[in-house]
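Chains, contacts and geometry: an overview
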Amino acid sequence: MVNKCCVYGCKSRAGLNIRFHRFPKGDIGNKWISYLRQFNPSFEKKVSSNVCGLNFDPDLDYEISRTTDRKTSV
Ligand SMILES: [Zn+2]
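So, how was this worked out
What you see as residue numbers is a count from 1 along each chain, following the sequence as written. Two thresholds apply to this predicted model, a pLDDT of at least 70 for residue-level local features and 80 or more for giving and counting side-chain atom pairs, whereas whole-chain, interface and lining totals are computed over all residues. Numbering of helices and strands runs from the N terminus; a helix is a DSSP stretch of H or I covering at least four residues, while a strand is a stretch of E covering at least two. Here a residue counts as buried when 20 or more other C-beta atoms fall within 10 Å of its C-beta, as exposed when 12 or fewer do, and as partly exposed in between; the C-beta atoms come from the backbone. We call two residues in contact whenever the C-beta atoms placed from their backbones are within 7 Å. In plain words, the nonpolar core is the set of buried Ala, Val, Leu, Ile, Met, Phe, Trp, Tyr and Cys residues that C-beta atoms within 7 Å link up. On a scale of 0 to 100, pLDDT captures the predictor's confidence in every residue.

**What about the overall build of the protein?**
When you go through the protein residue by residue, the secondary structure sums to one helix and two strands. Here the protein holds 74 residues, and the buried ones make up 15% of them. Counted over contacts in the protein with a minimum sequence separation of 6, partners at least 24 positions apart contribute 67%.

**Digging into the nonpolar core**
In this structure, Cys5, Cys6, Val7, Phe23, Trp32, Leu36, Val51 and Cys52 together form the largest nonpolar core, which totals eight residues. Broken down by secondary-structure element, the contributors of at least two residues to this core are α1 (27–39) and β2 (50–52). Beyond its immediate chain neighbours, meaning those up to four positions away, Cys6 contacts Leu36, Ser49, Asn50 and Val51.

**Examining the environment of Phe23**
Checked against the element boundaries, Phe23 lands in the loop between β1 (20–22) and α1. Residues contacting Phe23, with those up to four places away along its chain left out, are Gly29, Trp32, Lys45 and Ser49.

**Describing the confidence of the model for the protein**
Across the protein, the average pLDDT comes to 78, with 73% of residues at or above 70. Within the protein, β2 carries the highest mean pLDDT (89), whereas β1 carries the lowest (86).

What follows is the structure in structure tokens.
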């Protein structure tokens, strides 16, 4: 199985010490999809879709940065 980041323009692949996340179910997964569609309107989630750790806020494991309102600031 090839892990490849499905974020538009992101060239991360497995084997580069990068963590990959599969799409979670429910609200968070839907947030990911709408986030990705900002960059690639034709994006469709596939079973093999993964998002690499570089596209996340390091503090928020399962929330992509910039999408959501920040609940906390320090
Ligand atoms: Zn990526």
